Amino acid sequence: MKNQDFIDRDLAVLWHPCTQMKDHEFLPLIPIKSGKGIYLEDFEGNKYLDAISSWWVNLFGHSNEYINSQIKNQLDTLEHVLLAGFTHEQVVKLSERLVKLTPDGLEKCFFADNGSSGVEVALKMSFHYHKNRGENRPYFISLKNSYHGETLGALAVGDVEIYKKIYNEIMIKTIQTPVPTNQTIEATKKPLEDLENLLKSRSHEISGMIVEPMVQCAGSMNMYHSDFLKGVRELTQKYGVHLIADEVATGFGRTGKMFASEHSGISPDFMILSKGLTGGYLALSVVLTTNKIYQEFYCDYNLEKSFLHSHSYTGNALACSAGNATLDIFENENIIENIQDKIQYISDKLEKFKDLPNVKDVRQTGMISAIELQGYKSEERIGLNIYKFGLKNGVLLRPLGNIIYFMPPLIITKSEIDKMIDTAFAGIQELTQ
Ligand SMILES: Cc1ncc(COP(=O)(O)O)c(C=O)c1O
């Protein structure tokens, strides 16, 4: 089989996510035959270093032997059972471990099956909590430039225009408040003042505030100082509004700590996890929350007070076994400690981009780094050209417009970091002369 066979069959029957399908008239799809470690391989034997962890999910490489073995074991035991009225070993074990690992105060796990659904769960729970206490608070706050997924509730708290604008008329009620636009402490001050002013006048109608801790990933990899998150926690507490930490992208070591909230030493009222939760293997998400919130729903028969939200694949046993295998690897291989050296290595390598004339900014938080290019109109599609250059040279980069970023699997080696970063550097040099 050749790539083209699959391309033709695919285009006859598939509609791909986040894609203008007509682009595939000039931009070939890449059918992937297999994956091993941080490489993907197509049907013609071309290999691509997965510098974006297949949309930020993969942590320990493709076809990881240990995770494979744990899923295979589970497959012969129990593949799935509904989680209403039933439970199973893997989901109990995973929940116990997550409660221990996440910041103090997060004691209960509610499962769903993707990041956006996790966001919906947290928003609904937050609103419903206030309802159960006799308060109507129909608004949510989120940060400017934020991204929380594509289902309608998640889209409504997001603020990336290309995804949201067209659907504005069918959105739930949200307010976007300023976010720091760089990583200095100075940049946190005005956004915190603005937030306090907003909360002072409107907290009675606001259920919660949702944030991406430390890095707004889909929002051009905008990064901010940990003091901002600390300030947000203090203010939300002061004004009685929930803080929802969306760690779908930043969780599981991406920022150099297990969870990005740890950089600020805060504990949110809700934490949403997905992506790395299963090491990048299977669709699963979880919302962790406090006993205080849980107790507000705990009562004798009363359908209105109960949280009647469900998804068919909630807490799937295979996905939970991948989750437990992922946490085993974190524990057994001291992953968080071991990536510190790689983070420094990436930081050193990024220095050379700062001398390029068309580089506006270079930023990094842990294993996530980004190079912002300047001087291009959107129709020039500089990101697309870098993407094509990367593929030709065996590296899967997927720029966000003029932002070239790296979010590789945590197991990447130094020589693979060299290949990833040097390829991007060569691409920027060649295409932006
Ligand atoms: C911060 C954040 N929240 C939520 C989501 C949505 O997750 P999913 O794509 O699994 O629905 C994403 C996806 O990229 C994300 O980055």
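What counts, and where the lines are drawn
Residues numbered from 1 in each chain as written. Predicted model: local features only at pLDDT ≥ 70, side-chain atom pairs only at ≥ 80, totals over all residues. Heavy atoms only, no water. Helix = DSSP H or I, 4+ residues; strand = E, 2+ residues; numbered from the N terminus. Buried < 20%, exposed > 50% of the residue type's maximum accessible area, 1.4 Å probe, protein only. Contact = heavy atoms within 4.5 Å. Areas by Shrake-Rupley, 256 points an atom, 1.4 Å probe, with all protein chains shown as cover. Lys, Arg positive; Asp, Glu negative; His and termini not counted. Charge placed at Lys NZ, Arg CZ, Asp CG, Glu CD. Polar contact = N/O pair within 3.5 Å; in protein donor to acceptor, adjacent residues only side chain to side chain. Pairing = 2+ DSSP bridges. Phe/Tyr/Trp six-rings, centres within 6.5 Å; stacked < 30°, edge-to-face > 60°. Lys NZ or Arg CZ within 6 Å of the ring centre and 35° of its normal.

Quick look at the overall build of the chain now. Across its full length, the chain carries 14 helices and 16 strands. Once the C-alpha set of the chain is aligned to its principal axes, its extents read approximately 65 × 55 × 45 Å. Counting across all 433 residues of the chain, residues that qualify as buried make up 54%. Sequence-distant contacts, at least 24 apart, represent 72% of the contacts inside the chain between residues at least 6 apart. For the chain, the exposed surface amounts to about 19,900 Å²; the carbon and sulfur share of it is 50%. Of the side-chain charges in the chain, 44 are positive and 54 negative, and the distance between the mean point of each set is 2 Å.

In this section: the environment of Thr-314. Tracing the chain through its elements places Thr-314 in the loop between helix H10 (291-295) and helix H11 (317-332). What makes Thr-314 buried here is its relative accessible area of 10%. With 95 residues separating them in the primary sequence, Thr-314 and Pro-409 have C-alpha atoms 26 Å apart. Setting aside its immediate chain neighbours within four residues, Thr-314 contacts His-80, Leu-83, Phe-111, Ala-112 and Asp-113. A distance of 2.9 Å separates the side chain of Thr-314 from the backbone oxygen of His-311, its partner in a polar contact.

Burial along strand E11 (residues 270-273) is two-sided: the face carrying Phe-270 and Ile-272 and the face carrying Met-271 and Leu-273 are both buried. When strand E10 (residues 242-246) meets E11, the two strands line up parallel, connected through three bridges. When the bridges of E11 are listed, Ile-244 appears paired with Phe-270. As judged from the four bridges shared by E11 and strand E12 (residues 285-289), these two strands associate in the antiparallel manner. Directly across from Ile-272, in E12, lies its bridge partner Val-287.

Moving on, we come to the packing of aromatic side chains. Applying the stated rule across the entire model yields eleven aromatic pairs. Arranged with centres 5.2 Å apart and planes meeting at 70°, the rings of Phe-60 and Phe-330 form a pair that is edge-to-face. With a gap of 270 residues between them, Phe-60 in the loop between helix H2 (53-56) and helix H3 (65-75) and Phe-330 in helix H11 connect regions that are remote in the sequence. Under the relative-accessibility criterion, Phe-330 is labelled buried at 8%. Summarising the aromatic geometry, the rings of Tyr-294 and Tyr-298 are spaced 5.7 Å apart at their centres and angled 40° between planes, so their arrangement reads as tilted. Of the residues examined, Tyr-294 reaches a relative accessible area of 32% and is grouped as partly exposed. Through pairs of rings, three or more aromatic residues link up here, namely Phe-60, Phe-252, Phe-259 and Phe-330. Lying across the ring of Tyr-294, Lys-108 places its NZ or CZ 4.5 Å from the centre.

Counting buried positions along strand E5 (residues 139-143) gives four out of five residues, so the element sits mostly inside the fold. Examined bridge by bridge, E5 and strand E7 (residues 206-211) share four bridges and lie parallel to one another. Bridge pairing in E7 places Tyr-139 opposite Ile-206. In this sheet, strand E6 (residues 174-177) lies alongside E5 in parallel orientation, the contact comprising four bridges. Considered in E6, the bridge of Leu-143 is made with Thr-177.

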